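Listed below, chain by chain, are the residues.
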Amino acid sequence: IHTFTSTSPVHMEHMLRMTPAQVLQKAVQAVKHARSFSDDVEFSGQDATRSDIKFLREIIQAVIEAGATTVNIPDTVGYGIPQLYGALIADLKQNVPGIDKVVISTHCHNDLGLATANSLAAVLNGARQVECTINGLGERAGNAALEEVVMAINTRRDIFTCDTRIKTTEIYRTSQLVSRLMGLDVQVNKAIVGANAFAHESGVHVDGLLKDRTTYEIITPESVGVTASRVVLGRHSGRHGFKIRCQELGFELDSRQLDSVYQRFIELADKK
């Protein structure tokens, strides 16, 4: 059961119209009531990143003593900055008695485009639950994107000591399913699942990719369920990628023909 109340001054004053003491009392009552129905109770201090740290410590300690098994530290309005959000998690982990017995959770919004970064900063500082969404969908600018959090942890195992146990090869298919059912397109430059996530146009990038994929891909498309990388032809394309694409289309060009056709292609790409 998930219980929550706002803990920031602006929320308590204008939304709840309650004093901090009243909010603390209600939070404890809610957790105790929830525990009468379930042994798994989560408490969220809404707008935690704009809350007074002393009050946040106090209310979290109180709900833990009341029986909460998960404490969620939401960045409800996307106000957090990774360094500060990570430090907030570390502070609570160090200064709240009993917090080592519960799961620390994050719930980050993307108003400043930092939801994934903030979630990962929290994980590095002891959080072990990340509340996130497929394609980063959610209120306003959205929530932390599941696919980004999962692949960041999988890719940077040199700094993350945890595992999500997510079957990553289902990520792209799931993203497409959610997009189709909700009628919301995934932005083309969306990390991990966007149409351009594994597309390369720059001549230098394509040349490196064709020689060794690891030169410009830190994640293989297959690892998230995408069939292959895409080489996109455009005004920045180099001869190597252009030649390979011509061969794929069945055209074998000698060097003179390639130079001529490539020049005409670049002129067309400039106009387009």
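Note: the structure precedes this text.
Scoring rules and cut-offs
- Residues numbered from 1 in each chain as written.
- Predicted model: local features only at pLDDT ≥ 70, side-chain atom pairs only at ≥ 80, totals over all residues.
- Heavy atoms only, no water.
- Helix = DSSP H or I, 4+ residues; strand = E, 2+ residues; numbered from the N terminus.
- Buried < 20%, exposed > 50% of the residue type's maximum accessible area, 1.4 Å probe, protein only.
- Areas by Shrake-Rupley, 256 points an atom, 1.4 Å probe, with all protein chains shown as cover.
- Pairing = 2+ DSSP bridges.
- Right-handed = clockwise from strand over helix to strand, strands pointing away.
- Contact = heavy atoms within 4.5 Å.
- Axes fitted to C-alpha atoms, helices over the stretch in contact; angles between N-to-C directions.
- Parallel < 35°, antiparallel > 145°, perpendicular 65-115°, else oblique.
- 1 Å grid on protein atoms, 1.4 Å probe; cavity = no way out; pocket = protein on both sides within 12 Å on 5 of 7 lines; lining within 4 Å.
- Points joined across faces, edges and corners; volume = space filled by probe spheres on them.
- Nonpolar A, V, L, I, M, F, W, Y, C, P; charged D, E, K, R; others polar.
- Core = buried A, V, L, I, M, F, W, Y, C linked by side-chain atoms within 4.5 Å.
- Polar contact = N/O pair within 3.5 Å; in protein donor to acceptor, adjacent residues only side chain to side chain.
- Patch = residues over 30% accessible without salt bridge, like charges linked within 9 Å, V, L, I, M, F, W, Y side chains within 5 Å.
- Salt bridge = Lys/Arg side-chain N within 4 Å of Asp/Glu carboxyl O.

A. View of the overall build of the chain. Counting secondary structure elements, the chain contains ten helices and seven strands. The principal-axis extents of the C-alpha atoms in the chain amount to approximately 80 × 35 × 35 Å. Counting over 272 residues, the chain shows a buried share of 43%. Of the roughly 15200 Å² that the chain leaves accessible, carbon and sulfur atoms contribute 53%.

B. Quick peek at the pairing of strand β4 (residues 103-108). Summarising the sheet, strand β3 (residues 70-75) and β4 pair through six bridges and their orientation is parallel. Looking across to β4, one finds that I73 is bridged to T106. Each parallel crossover has a hand, and for β3 linked through helix α4 (residues 82-95) to β4 it is right-handed. With three bridges connecting them, β4 and strand β5 (residues 129-131) associate as parallel partners. Within β5, the residue paired with H107 across the bridge is E131. After leaving β4, the chain enters helix α5 (residues 115-124) and then returns to the sheet as β5, a path that is right-handed.

C. Spotlight on the side chain of T116. Following the sequence through the fold, T116 ends up in helix α5. Setting aside its immediate chain neighbours within four residues, T116 contacts A144, A145, E148 and V149.

D. Just the packing of helix α9 (residues 239-248) against helix α10 (residues 255-271), in detail. The interhelical angle for the contact between α9 and α10, taken along N-to-C directions, is 105 degrees, at an axis separation of 11 Å. Taken together, the axis directions place α9 and α10 in an arrangement best described as roughly perpendicular. The segment α9 lies against α10, with R239, F242 and K243 engaging L258, D259, V261, Y262 and F265.

E. Quick look at empty space enclosed by the protein. Summed over all chains, the structure comprises one cavity of 30 Å³ or more. In terms of lining residues, the largest cavity is bounded by K243, Q247, F251, E252, L253 and L258. For the lining of the largest cavity, a count of residues per class yields three nonpolar, one polar and two charged.

F. Just the sheet that holds β5, in detail. Strand order in the open sheet formed by five strands is β1-β2-β3-β4-β5, with parallel pairing between adjacent strands. The open sheet terminates on both sides in strands that have one partner only, identified here as β1 (2-6) and β5. Direction aside, the axes of adjacent strands within the sheet are offset by 20 degrees on average. Each of β1 and β2 (42-46) touches helix α1 (residues 9-16); the most contacted strand, β1, lies at about 90 degrees to it. Here helix α3 (residues 53-66) sits on the sheet and contacts β1, β2 and β3; the angle it forms with β3, its principal contact strand, is near 150 degrees.

G. Representation of the nonpolar core in the model. With 41 residues, the main nonpolar core has I59, I60, V71, I73, L92 and I99 as its most contacted residues. Put simply, the parts of the chain that give this core at least two residues each are α2 (20-35), α3, β3, α4, β4, α5 and α6 (146-155). In terms of residue count, α3 provides more of this core than any other element does, eight residues in total. Counting residues in hydrophobic clusters, the runner-up holds eleven residues, among them V150, V186, I219 and V224.

H. Broad picture of the environment of D158. Relative to the helices and strands, D158 resides in the loop between α6 and α7 (171-182). Here R156 takes part through its side chain, which lies 2.6 Å from a polar atom of the side chain of D158.

I. View of the environment of K272. Relative to the helices and strands, K272 is located in the segment after α10. As a C-alpha pair, K272 and H205 span 67 residues in sequence and 21 Å in three-dimensional space.

J. Inspection of a nonpolar patch on the surface at higher detail. A grouping of L177, L181, M182 and L184 is seen on the molecular surface, where their side chains present a nonpolar patch of about 400 Å² in accessible area. Topologically, M182 is positioned in helix α7.

K. Expanded view of unusual backbone geometry. One non-glycine residue, R17, adopts positive backbone phi at about 55 degrees. A relative accessible area of 70% places R17 in the exposed class. Of note, R140 is a non-glycine position whose phi angle comes to about 50 degrees, a positive value. Mapped onto the secondary structure, R140 falls in the loop between β5 and α6. Its relative accessible area of 52% is what places R140 among the exposed residues.

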